[in-house]
Amino acid sequence: VLLMAALPRMHCSALSVLEALIISCRSELVPHASVITQLLVQTLGWTTAEAGVPGRQRPYSTLRSTAYAVLTVWLSVCGAASGADRHADAILRHVLHDATPQANTTKLTAGTPGSQGTSRRQKK
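None of the values given here were measured: they were computed from a predicted structure.

(A) Inspection of the overall build of the protein chain at higher detail. Per the secondary structure count, the protein chain includes five helices and zero strands. Counting helices and strands in the order they occur from the N terminus, the protein chain gives α-α-α-α-α. Of all intrachain contacts in the protein chain linking residues separated by at least 6 positions in sequence, the fraction that spans at least 24 positions is 75%. A total of about 9000 Å² of accessible surface is found on the protein chain, and carbon and sulfur atoms cover 60% of it.

(B) Summary view of helix α4 (residues 88–99). With twelve residues, α4 should reach 16 Å at 1.5 Å per residue; the first-to-last C-alpha distance of 16 Å fits that figure. Residues of α4 that are buried sit in contact with α2 (33–46) and α3 (61–78).

(C) Molecular detail of α2. In this model, α2 (14 residues) spans 20 Å end to end at C-alpha, consistent with the 20 Å of a helix rising 1.5 Å per residue. Three or more residues of α2 are buried, namely Ala33, Ile36, Thr37, Leu40, Val41, Thr43 and Leu44. The arc that holds the buried residues of α2, viewed along the axis, is 155°, so those residues lie on one side. Tucked inside the fold, the buried residues of α2 contact α1 (2–25), α3 and α4.

(D) The packing of α1 against α3, seen in detail. The contact between α1 and α3 brings their axes to 9 Å, and the two run at 10°. The orientation of α1 with respect to α3, classified from their angle, is roughly parallel. Of the residues in α3, those in contact with Pro8, His11, Cys12, Leu15, Ser16, Leu18, Glu19, Ile22 and Ile23 of α1 are Thr62, Leu63, Thr66, Ala67, Ala69, Val70, Val73, Trp74 and Val77.

(E) Expanded view of the nonpolar core. Membership of the largest hydrophobic core comes to 22 residues, with the highest contact counts inside it found for Leu15, Leu18, Ile22, Ile36, Leu40, Val70 and Trp74. Going through the elements one at a time, α1, α2, α3 and α4 are the ones with two or more residues in this core. It is α3 that provides the largest number of residues to this core, a total of nine residues. Sequence-distant contacts of Leu18, defined by excluding residues within four places in its chain, comprise Ile36, Leu39, Leu40 and Val70.

Procedures and definitions
- Residues numbered from 1 in each chain as written.
- Predicted model: local features only at pLDDT ≥ 70, side-chain atom pairs only at ≥ 80, totals over all residues.
- Heavy atoms only, no water.
- Helix = DSSP H or I, 4+ residues; strand = E, 2+ residues; numbered from the N terminus.
- Contact = heavy atoms within 4.5 Å.
- Areas by Shrake-Rupley, 256 points an atom, 1.4 Å probe, with all protein chains shown as cover.
- Expected span 1.5 Å × (residues − 1).
- Buried < 20%, exposed > 50% of the residue type's maximum accessible area, 1.4 Å probe, protein only.
- Arc of directions from axis to C-beta.
- Axes fitted to C-alpha atoms, helices over the stretch in contact; angles between N-to-C directions.
- Parallel < 35°, antiparallel > 145°, perpendicular 65-115°, else oblique.
- Core = buried A, V, L, I, M, F, W, Y, C linked by side-chain atoms within 4.5 Å.

Honestly, it's all geometry; don't read function into it.
Structure below.
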């Protein structure tokens, strides 16, 4: 259980190292473009959560933000050579999923009938 809590932080750290590598090596990484882009798309894919608790942060949101930040750097450094065009549908699907706000839901529960009236009578 402790390892499961640490894995997203470790993954964020690995993505930060990848980001530093992209900034340092720039176009030297173009031969590995498909691997880098596929890694980022896979990260977005396995961290997709359907529904979280309303009012709370979505699961893996920090990891997803880091993946988007690395993808942004990758696209700005390599442009069309990044290989993102082959994964454009998946990337767009993830962006739309994350940009769509969660729908607020309200759940009503019925109390016992007459419970409100008895407290007022007792006060008199």
